[in-house]
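Structure at a glance
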Amino acid sequence: MNRQRALAVTAAGAVATALSLAAGAAPASAEILDAKAADARADLLGNVSPALIDELSDTFGLSESEAYDRLAVEAVASDLLTEVPDSLDASYGGLWVAEGADEILVATTDRADFNELRAEGATPVLVEHALADLEAAGAGLDALDIEGVYGHYVDLEKNTLVVEAADEAVAAEAVDAAGIDPSLVSVTAAEAPELFFVRGGDAYIVENSWRCSVGFSVRQGSTPAS
């Protein structure tokens, strides 16, 4: 082997080794989540209503063991939800549990947050907009009263403020009136919602099977609750 080719092979090997070491040094979020979920599952055993397990099994087609697995991951997600937003601050884009309950995804506008999130057992997702910006845009719409605009919500996975309106023209009018950056918004065509007169304590039936009641809206200072 000539010297030039030997140097090339050596350099390639060094790069591959460096990449391998870097990958090995990166936090393995799946393993960390599994460990946290195992601890949460141990805490849940014997402390969860059998009726809740039955409901999860019926609704999602889960075995009892799978229902506990889902609850464990959701418990970990709940803990992260109290910690991660403050930790990431302005770059935080939202948190959600994957459909299969095998991942906790956390959106961020800053790739520098990735290792921190993986170390917590989360799967980082790079997004364009911070959650605070999307929520502020929604608050701007709340201040308006434009006919044909029926509601809005933040879609975390799509990283957008979804505006429900009669058509795109009405939604565009509202976005412009609120001074919102159009790149934050997507529009869903919707019909005017049907309104009902309800009172706190009124009974209603869920899925023709079980009875519940309307909550009472209250406010403590500036904090709403029910």
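Counting starts from 1 at the beginning of each chain's written sequence and moves along it residue by residue. The predicted nature of this model means local features are confined to residues of pLDDT at least 70 and side-chain atom pairs, given and counted, to a pLDDT of 80 or more, with totals for whole chains, interfaces and linings taken over all residues. With hydrogens and water set aside, each side-chain value is computed from the structure's full complement of heavy atoms.

What follows deals with the overall build of the chain. What counts as a helix is a DSSP run of H or I of at least four residues, what counts as a strand is a run of E of at least two, and both are numbered from the N terminus. Counting secondary structure elements, the chain contains 7 helices and 10 strands. In the chain, buried positions account for 29% of the 226 residues. Contacts: residue pairs with any heavy atoms within 4.5 Å of one another. Contacts in the chain between residues at least 24 apart in sequence constitute 41% of all its contacts with a sequence separation of at least 6. Total accessible area on the chain stands at roughly 14600 Å², and carbon and sulfur atoms take up 52% of it. Using a 1.4 Å probe on the protein chains alone, a residue whose accessible area is under 20% of its type maximum counts as buried, one over 50% counts as exposed, and one in between counts as partly exposed. Per-residue and other accessible areas follow the Shrake-Rupley method at a 1.4 Å probe size, with only the shown protein chains counted as cover for residues.

The next thing to look at is the environment of Glu-191. With respect to the secondary-structure elements, Glu-191 resides in the loop between strand S6 (185-189) and strand S7 (203-206). Since its relative accessible area comes to 73%, Glu-191 is described here as exposed. On a C-alpha basis, the gap between Glu-191 and Gly-148 in space is 8.5 Å, while along the polypeptide they are 43 residues apart.

Quick look at the sheet that holds strand S5 (residues 160-165) now. The pairing criterion is simple: DSSP has to find at least two bridges between the two strands. Strand order across the open sheet formed by 3 strands is S4-S5-S6, with mixed pairing between neighbours. Two strands in the sheet have a free side with no partner beyond their single neighbour: strand S4 (149-155) and S6. Across this sheet, the average inter-strand angle for adjacent strands is 25 degrees, counted without regard to direction. Note that S4 and S5 share 6 bridges and pair antiparallel. Looking at S5, one finds that Val-154 is bridged to Leu-161. Against the sheet, helix H7 (residues 168-177) contacts S4, S5 and S6, and its axis sits at roughly 145 degrees relative to S6. Axis definition: a line fitted to C-alpha atoms, over the contacting stretch in the case of helices. Angles run 0 to 180 degrees between N-to-C directions.

This paragraph deals with the pattern of salt bridges. Salt bridge, as applied in this entry: a Lys or Arg side-chain nitrogen positioned within 4 Å of an Asp or Glu carboxyl oxygen. Counted under the stated rule, the structure contains 2 salt bridges. The residue Asp-69 makes a salt bridge to Arg-41 at a minimum N-O spacing of 2.6 Å. Of the two residues, Asp-69 is situated in helix H4 (residues 64-88) and Arg-41 in helix H2 (residues 29-44); the sequence distance between them amounts to 28 residues.

A separate point is the side chain of Thr-108. Relative to the helices and strands, Thr-108 resides in strand S2 (residues 104-108). If sequence neighbours within four positions are ignored, Thr-108 has contacts with Leu-88, Ser-91, Gly-93, Asp-113, Phe-114, Leu-117, Val-125, Leu-126 and Val-127.

Take the sheet that holds S2 next. Overall, mixed pairing links the 3 strands, which are arranged S1-S2-S3 in an open sheet. In this open sheet, the two edge strands, each paired with only one partner strand, are strand S1 (92-97) and strand S3 (123-126). The mean inter-strand angle of the sheet, taken between neighbouring strand axes irrespective of direction, is 25 degrees. Here H4 sits on the sheet in contact with S1 and S2, set at roughly 180 degrees to S1.

Further remarks concern the pairing of strand S8 (residues 210-213). Looking along a regular strand, one sees the side chains alternate between the two faces of the sheet. The pairing of S7 with S8 spans 4 bridges and is classified as antiparallel. Residue pairing across strands places Ala-203 opposite Ser-213, the latter belonging to S8. Connecting S7 to the next strand, S8, in antiparallel fashion are 3 residues, including Glu-207 with a positive phi near 55 degrees.

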